[in-house]
Structures are given as structure tokens and as C-alpha cells.
Amino acid sequence: MSTTPWVERPPEQARLLNPAFVGVTIWACARGYASVRQIGLPYALAFVAVPITLHKATREDLPRSTGTSMASWLTENPRALVGFAERARAVVPLVKEGILFGSSGLMLTLDDARLTAADRPRSMARFEREATDEVKACVKKAEFVGKWFAGSGNYATVMALWGVAP
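These notes cover the structure that comes with them. As the structure is a computational prediction, the values presented were derived from the model and not from experiment.

**Let's talk about unusual backbone geometry**
The phi torsion at Leu106 lies on the positive side, around 60°, for a residue other than glycine. Secondary-structure assignment places Leu106 in the loop between helix H7 (92-104) and strand S2 (108-111). Backbone geometry places Ala113, a non-glycine residue, at a positive phi of 60°. By secondary structure assignment, the location of Ala113 is in the loop between S2 and strand S3 (114-117). Residue Ala113 is classed as exposed on the basis of its relative accessible area of 52%.

Here it is in C-alpha cells:
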């Protein structure tokens, strides 16, 4: 995997899209997914979850309940799909870095193309205490998105609904 060195990245990207934060977002999504399906998050869905949860307009428009059908919600909220494929492509290297970070920190394991969240690390309390409200919202919505994915069909269906392919 080839990525831009940190010193050459825009400061906003270095602060907001760093591997630790993206890794925590993926961990929260995998945790939410497992709470419904008792299996790991399909690897490909990490690349869908991150652009959903980090895009403020989409994150804020997500339904309140995982009982809301993803297909019907997307039909009623077509704005969520505008530019989504481009955003998803743009974050691929960042998601890969986040998975590597989460795996090296023992927060995530990858087995049979599924990401499994480890138990809540003790360091998460400090992270949450020091995080901004927006960071907390991203992590909370990532867990919601994981649960929503788990109840929305297989990963290929979820990806097709969002207009992307593995």
C-alpha cells in the first residue's frame, strides 16, 4: 500500500483522518455489526462505513433506528448518494491505514475477510474524555452503521445500495 507521507499531507487530513481515528471508527462499526450478527464485519463494508460516518451531512441524516430499511432510507434521502462513490474511493488508503493501525493495536483482527472488534480497550475512556463532540458523534454513528449493515442483507447488497462494488 502506497500512501502520501504524513509530512506531505494537508494538516486537516493529518488531524481528522489519521489512522488512529479511522481505526476507532472501523472498530466501532465492527462492534456494532457483531452485536447483531455475532460475526465479524465483512472487510469490504469498512470501506463503505467510513465515508458514511465521516461525511457530516450523511451522518446527521442517518435514521434514528436500525429498523429503518436501508433501501427505503436511501430512496427518501438520495442526497446521501451524491458523490458517495467518489468519497468512498478517496478514503480507501485511509481505511487501509486504519485497519492496519487497529490490527497492530489489537483492536481489530482480520480473519476470513471479516473484521472483528476486540473488547473495549481501557484507553477508550481517555479517548472519549478528550474527544470533541464531532469525534464522539462519528464513533457513535459508526457503531449504529455497523448494526444497520448487519440487518440490511449481505455485504454485496449493502454495497449495491450505496452504488459501490468490492
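**Details of the sheet that holds S3**
With respect to topology, 3 strands assemble into an open sheet ordered S1-S3-S2, the strand pairing being antiparallel. In the strand order of this sheet, the two ends are held by strand S1 (41-42) and S2, each with one partner. Note: S1 against S3, 2 bridges, orientation antiparallel. In the strand pairing of S3, Pro42 is matched with Arg114.

**Re the environment of Thr66**
In this structure, Thr66 sits in the loop between helix H4 (56-61) and helix H5 (70-76). It is 31 Å that separates the C-alpha atoms of Thr66 and Ser104, two residues lying 38 residues apart in sequence. Leaving out residues up to four positions away in the same chain, Thr66 has contacts with Phe144, Lys147 and Trp148.

**Here's the deal with the packing of aromatic side chains**
Here a ring pair, both rings aromatic, is described through the centre-centre distance and the interplanar angle of the planes. Applying the stated criterion across every chain, the model contains 5 aromatic pairs. Aromatic pair Tyr43 and Phe47: ring centres 5.2 Å apart, planes at 65°, arrangement edge-to-face. Here Tyr43 and its partner Phe47 are both found in helix H3 (residues 43-54), 4 residues apart, which amounts to about one turn of the helix. On the basis of relative accessibility, which here comes to 28%, the residue Tyr43 falls in the partly exposed class. A relative accessible area of 12% places Phe47 in the buried class. Ring centres 4.9 Å apart and planes at 45° place the aromatic pair Phe84 and Trp162 in the tilted group. On the criterion of sequence distance, the pair formed by Phe84 in helix H6 (residues 84-90) and Trp162 in the segment after helix H10 (155-161) is long-range, its members being 78 residues apart. The same class applies to Phe84 as to Trp162, namely buried. By way of ring pairs, the aromatic residues Trp73, Phe84, Phe144, Trp148 and Trp162 are connected into one cluster. Note that Lys141 overlies the ring of Phe144, its terminal NZ or CZ placed 5.3 Å from the centroid.

Cut-offs applied
Residues numbered from 1 in each chain as written. Predicted model: local features only at pLDDT ≥ 70, side-chain atom pairs only at ≥ 80, totals over all residues. Heavy atoms only, no water. Helix = DSSP H or I, 4+ residues; strand = E, 2+ residues; numbered from the N terminus. Buried < 20%, exposed > 50% of the residue type's maximum accessible area, 1.4 Å probe, protein only. Pairing = 2+ DSSP bridges. Contact = heavy atoms within 4.5 Å. Phe/Tyr/Trp six-rings, centres within 6.5 Å; stacked < 30°, edge-to-face > 60°. Lys NZ or Arg CZ within 6 Å of the ring centre and 35° of its normal.

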